[in-house]
Each structure stands twice: as C-alpha cells, then as structure tokens.
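Observations on the three-dimensional arrangement
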Amino acid sequence: MTRYTGTGRARRRALVAGGLAGALAFAGTVTGDAGPARGVRSDPGAVGLLRAAADAARRVPYEGRRFLTTWNRGRSATAEVAVTHRPGEGVRYRASSGAEGYRPDSAADESAGIVAATLGLLARNYSVSRVADARACGRAAHVVEARRPGGGTAGRFWIDSETGLMLYRELIDATGRRVVATGFTEIDLDVPAAGPRITLRPAPPARGADRPDPDMVDAQAAALAPWGERLDGARLARLRSEGWPIPKDLPGRLTLYDARSDGATVHLSYSDGLAAVSVFVQRGSLDEARLPGWQKTVRRGRTVYRREALRRWAISSGNGYVSTVLTDVPQSTAEAVALDLPRGGVPFWTRLARGARRLGSAANPFG
Amino acid sequence: MSCLGERLTALVDGELGHEERDRALAHLAGCARCRAEADELRQIKGRLRGLSRLPASDGADDLPTDDFLTRLRSLAEPAAPAAPDDASGTRPAHPGTLGGQSTRPMRQPVRGAGPGRPRDNRPAGRAVASAGSGALRRHQRRYLVVGAATLFLGLGAASYAAGGRQEAPAVTPAFDRFAVEHALTSGDTPMTDPLTDPVNQIQTSPGP
C-alpha cells in the first residue's frame, strides 16, 4: 500500500515536473519574440566593425558630400548635403539650398548609446557577417552584410578599412530591391584636424521658442540636437497609463529603443536594427484642413494620411492623440505602423470623471 | 394540470388534511393521468431533496429559494382567482417547503389572515410585513440596494457617455522638427536630409 502510494506520488511529481517544463518551453516559444532569430548567429567581428564605425564617426575628421536615396515602386528620391566633421566640435551640414546646420559632438555623444541599442537589435534580428571586401568612394572597404533569418540580404555596410568610418550602407527589401541607400558620394579624410573653418561657435541647443526661425538663419548655422528630455521606462509606463499610445513593439519586429520628449510631443524611436521608424505622438485632434497634398486612406475604420517624399510619412489620429510616423523604409511600413498603432485613449476613470464633471456643470444652475 | 390541481402537489408534499388526502387518493386510484403526475412530482421532489442535501447548508441557503417560490406562487394566483375558500383550508399554509425541509417557521402560520394562506399576498409585502420586521427590513434593504445600484450605474453610464468627447485642440504635426529629430536620433542614418528634405520646404508649421 505504502509502496503504491509512493509510486503514485513519484509519478504525480514527475507529471508536475514535466508539465512545468512543458509550460516553460511553451511560454518561451510564445514570448520569445526573437523566436525565429534565436538560431541566428552573428559574426562578432562584423558586429565589432559596426560598433567601431559608430565610434569612428565621432573620432575621424572628414569633409565630403553625403546623400540619402530612397526608392519606392521604381521611383527614387535623393537628398544631398555637404558635411564637414571636426572631432570634438561637431558636424556642419550645408545643403545646396543654402541652409546650414550644425551638430555639436556633445549631442552626438548621446547617440552613442542609441547606436549600441540598434546594434543589439541588429544582432538579434539578423545574422551579421563579413563578406568579401570591396571599394566605396574610391577607398578600400570592409563589407558587412545583415541577412534575414529566412535567408536573403537585408542590409549591407561598407566600412572604410583604414579609418573604420562607414562610407555607405543600403537596405534591401525581401524581394531583393534596394529601398534605402545612404553614405558619402565623395569623402576627403585628409583634412587638417584643426583648420580655419572651425570657428564655428557652438550654439546652445535649440529648443522651443529659442530655436531660430529657419528663414532667419544666416551664416550662423542652427545647432541641431535631439530633444533633450529622455523618457525612461517609468515615465513611459506613466504616460501609457494616462492613455498615450506607446507600444513597445511595432509590426515587423520593430522594437522601441529610445523615447524623448520636447515637452509636448513624445518621440518614440523604433528599430529592428536596420530600419529606423520614428513615431511622434502628441495630444490633440488632427487638423485635417492643414494637410494639403496628403493622401487619405481609410482602412479598418482608421484614417491614415500619408505622404511620400524622401522619407515616408503617415499620420493617424484618434481618441485625442495624433501619431506621426516617419521612416526611411518603404511607405508600406509607415502605413502599416500607423494603422497598427494603438488608438490610445482616455483611461476609464478619467473619462468617467470628465463626464461627471460635465454632467455636474450642466446640471448646476449656478454654474 | 391534472384534475386535482394544486391539491396534487399538496398531496405529494403530505400537506393535505386527512379527509382531503383520502379524497385525493381515491381520485388517484381512478385517474391514471393524475397518478402519473403524482409519480412525476414525487420523483422531482426526491431529486430536489437530493440537491438540497448537497450543500452542507444550515438552512440559511434555502431562504432565497423559499421566498422566490412564494413570490412565484403569489404571481400565479390572479391567474386562478377561483381558488375557492374551501381550498384555502386545505391548501398548504406553507407553500414553499421544497423537499419537505421547512426552513422558515415564521412563515408557516399566517397570523391574522385566517386559516390557510393570505388571500392576497401578491405584493409579497403584506404577508411578509405581518410575518416579521426582520423580513420587512430585509426587503427594504433590498429595494434600497437595487435603487442605489441603478442610480450608480445610470450616473456612471451617463458620465461615461458624456466624457467621450475629447477636449483636444486641433494640431498639425511639426513636420520639419520631426524630420530633424528623426534624423538626429536614428543612429547611423545621415544627418544630411533634415535640411534638404523636400517635406521641410513644403511644409513648415509651428510646433505645438
């Protein structure tokens, strides 16, 4: 009898243990969003090259012209600008239109962490490896390739073998077409580390009303810096509980890696390691009369305004929030993101309290 | 319904007077339909008894059932207004003893209403009122609770509906600032285009 009970108990224990293990394994497969990427192996050397490139961008002085080209359905748009970088001071941009911008390196320092974050995502979602060296801008370059877990190249990076600077990079969609390419069209690395042109006065970070009006900017370039207010997890959680639509992930394995605010608007940066998608969320309802030239699409009961320029824009609004999606990758992504954004909205009790207040003021004969 | 009407139930419940019972039994002997129905009722009663044994109740759990049955019966009454006086003497004074487990003794003899059940207990209040102040209070409290809940839910729903409209100002996203911010934060994408992005030149709008 005792023996029987003993075996029974052992069996039950074994069952419980097995069940637990099974549940854990199941939870692992369900919650592991990087499930398909789990088996992806990245070459540490290749990832190291990319990391070094982020560092070299601040360390190496250079002068040249940069471009950004995006393709969509056979059409392409290109922007070009002249850049001058002086380590320790910053990067100066000069567009052909005459507009100038200046980004102090102190602002760039902040982005070092971001680059590390997107690199982590890149290594998680893609398999990064080195392929045969090639040439770019007339210079010898290491080539790093990011491949999709299912096969196929998703991105290529050309990294200068001498300085480690990223010369060129391109993103490729699943059908094998280039969708985004960016880099230098010409680069001169033999600029003196300190020259007569570094008399740039680092302007204070432009924010709000202090920001010079673009029309008033003359020779003195406007200083460019990301929005100052970083939002940590606790802040984001609080905003979410207030009803702000702030998803942790977007379709296409895009993960939130940075959030900032300028006081009124929240800037959410998403990436899968290659594509960068920005979502700007602000309170209010969309002033649709002020969107001439935007295409309106209605899908699944949501209205999305979209516009394809060099970059892709999509705006969705509802429940008191306007979300603007901005990305370099194809329009379908921007639209899918805009359509898939949570509607946000008012938490139940807030809405109830607001309604009660309204009812109260309507019923109050003295109010 | 059988020829015996509710007396059949009373018979099964063992609540008929001696004379009435004999009469009913005599009828049963002759009427197959009534016999079948009596059997059925007995079966139901047996099952209900089995059910009521399931929860280890001290009787308190049965209270609502009892009350509920009373109300059901009193509701059915006007449909059969011809319930004659003679029936009032024979009908069970305590209608709700399901399974023979009498749990509310205070209801059994209806005081001040003559023999049998009260003639009109449809509002269910009078009999109860006479039956005891405890029940009265319980009923009042119930009405109070229901009223308060209705008020609460109604006000809540109205507030929820009224709170739906947004107090949101119309805004236009500040595309130029967004473009700059996007370029500045998106890692190794070039810092070039904020100034050359065609969108910037077309669309300039003040920040919120």
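In the block above lies the structure referred to throughout.
Heads up: these notes are all about the structure in this document. (Residues numbered from 1 in each chain as written. Chains lettered and ligands numbered in written order. Predicted model: local features only at pLDDT ≥ 70, side-chain atom pairs only at ≥ 80, totals over all residues. Heavy atoms only, no water.)

Let us look at the packing of aromatic side chains. Residues and elements named next belong to chain A. In total, this model carries 8 aromatic pairs over all chains according to the counting rule given. Aromatic side chains Trp158 and Tyr168 sit 4.9 Å apart centroid to centroid with 65° between the ring planes, which places their arrangement in the edge-to-face category. Of this pair, Trp158 sits in strand S7 (residues 153–160) while Tyr168 sits in strand S8 (residues 166–172), placing them 10 residues apart in sequence. You can call Tyr168 buried: its relative accessible area is 17%. Put simply, the rings of Phe67, Trp158 and Tyr168 touch in pairs and so form one group of aromatic residues. Sitting over the face of the ring of Phe184, Arg66 holds its NZ or CZ atom 4.6 Å from the ring centroid. Seen from the ring of Tyr126, Arg253 lies directly overhead, with NZ or CZ sitting 5.7 Å from the centre. (Phe/Tyr/Trp six-rings, centres within 6.5 Å; stacked < 30°, edge-to-face > 60°. Helix = DSSP H or I, 4+ residues; strand = E, 2+ residues; numbered from the N terminus. Buried < 20%, exposed > 50% of the residue type's maximum accessible area, 1.4 Å probe, protein only. Lys NZ or Arg CZ within 6 Å of the ring centre and 35° of its normal.)

A few words on the pattern of salt bridges. One pass over the structure, following the stated rule, counts 15 salt bridges over all chains. Residues joined in a network through salt bridges with shared partners are Glu145, Arg147, Arg156, Glu170 and Arg178 of chain A. (Salt bridge = Lys/Arg side-chain N within 4 Å of Asp/Glu carboxyl O.)

A word on unusual backbone geometry. Even without glycine at this site, Cys137 of chain A takes up a positive phi of about 55°. Of the residues examined, Cys137 of chain A reaches a relative accessible area of 28% and is grouped as partly exposed.

All names here are of chain A. The end-to-end C-alpha distance of helix H2 (residues 44–59), which contains 16 residues, comes to 22 Å, matching closely the 22 Å that a straight helix rising 1.5 Å per residue would cover. For H2, every residue scored as buried is listed here: Ala46, Val47, Leu49, Leu50, Ala53 and Ala56. Sitting at the amino-terminal end of H2 is Asp43, which places a side-chain oxygen 3.0 Å from the backbone nitrogen of Gly45. (Expected span 1.5 Å × (residues − 1). Polar contact = N/O pair within 3.5 Å; in protein donor to acceptor, adjacent residues only side chain to side chain.)

Residues and elements named next belong to chain A. You can see Thr255 is positioned in strand S13 (residues 254–261). Of the residues examined, Thr255 reaches a relative accessible area of 15% and is grouped as buried. Only 3.5 Å separates the side chain of Thr255 from the side chain of Arg124, close enough to count as a polar contact. Excluding anything up to four places from it in sequence, Thr255 contacts Leu121, Arg124, Lys248, Asp249, Ser269, Tyr270 and Ser271. (Contact = heavy atoms within 4.5 Å.)

All names here are of chain A. For S7, the tally of buried residues reaches 7 of 8 residues, placing the bulk of the element in the interior. Relative to S7, strand S6 (residues 139–147) runs antiparallel, the two being bridged by 7 bridges. When the sheet's bridge partners are listed, His142 is paired in S7 with Ile159. Counting the residues that bridge the hairpin from S6 to S7 gives 5 residues, and of these Gly151 lies at a positive phi of roughly 100°. The pairing of S7 with S8 spans 5 bridges and is classified as antiparallel. Looking at S8, one finds that Gly155 is bridged to Leu171. In textbook terms, the turn of a hairpin is the stretch between consecutive antiparallel strands, and for S7 and S8 this stretch comprises 5 residues, one of which, Gly164, has a positive phi near 85°. (Pairing = 2+ DSSP bridges.)

Taken together, the side chains of Phe348 and Trp349 of chain A together with Tyr160 of chain B make up a nonpolar region of the molecular surface, amounting to roughly 360 Å² of accessible area. Among the secondary structure elements, Phe348 of chain A is positioned in helix H6 (residues 348–363). The partly exposed category is assigned to Phe348 of chain A, whose relative accessible area is 43%. (Patch = residues over 30% accessible without salt bridge, like charges linked within 9 Å, V, L, I, M, F, W, Y side chains within 5 Å. Areas by Shrake-Rupley, 256 points an atom, 1.4 Å probe, with all protein chains shown as cover.)

Moving on, we come to the packing of H6 of chain A against helix H7 (residues 133–162) of chain B. At a closest axis distance of 7 Å, the pairing of H6 of chain A and H7 of chain B adopts a crossing angle of 95°. When the axis of H6 of chain A is compared with that of H7 of chain B, the two are roughly perpendicular. The segment H6 of chain A lies against H7 of chain B, with Phe348, Arg351, Leu352, Gly355, Ala356, Arg358 and Leu359 of chain A engaging Gly156, Ala158, Ser159, Tyr160, Ala161 and Ala162 of chain B. Of the residues that constitute the contact of H6 of chain A with H7 of chain B, the class distribution is 8 nonpolar, 3 polar and 2 charged. (Axes fitted to C-alpha atoms, helices over the stretch in contact; angles between N-to-C directions. Parallel < 35°, antiparallel > 145°, perpendicular 65-115°, else oblique. Nonpolar A, V, L, I, M, F, W, Y, C, P; charged D, E, K, R; others polar.)

What follows covers the environment of Ala82 of chain A. Residues and elements named next belong to chain A. In this fold, Ala82 is placed in strand S2 (residues 75–86). Take Ala82: its relative accessible area is 10%, and that puts it in the buried class. For the pair Ala82 and Phe184, spaced 102 residues apart in sequence, the C-alpha to C-alpha distance is 9.4 Å. The contact partners of Ala82, leaving out residues within four places of it in the chain, are Gly64, Arg65, Arg92, Tyr93 and Arg94.

Before going further, it helps to examine the side chain of Thr163 of chain A. Residues and elements named next belong to chain A. Take Thr163: it is sitting in the loop between S7 and S8. A distance of 2.6 Å separates the side chain of Thr163 from the side chain of Asp160, its partner in a polar contact. Within the structure, the side chain of Thr163 is placed 3.3 Å from the backbone nitrogen of Leu165, a separation counted as a polar contact.

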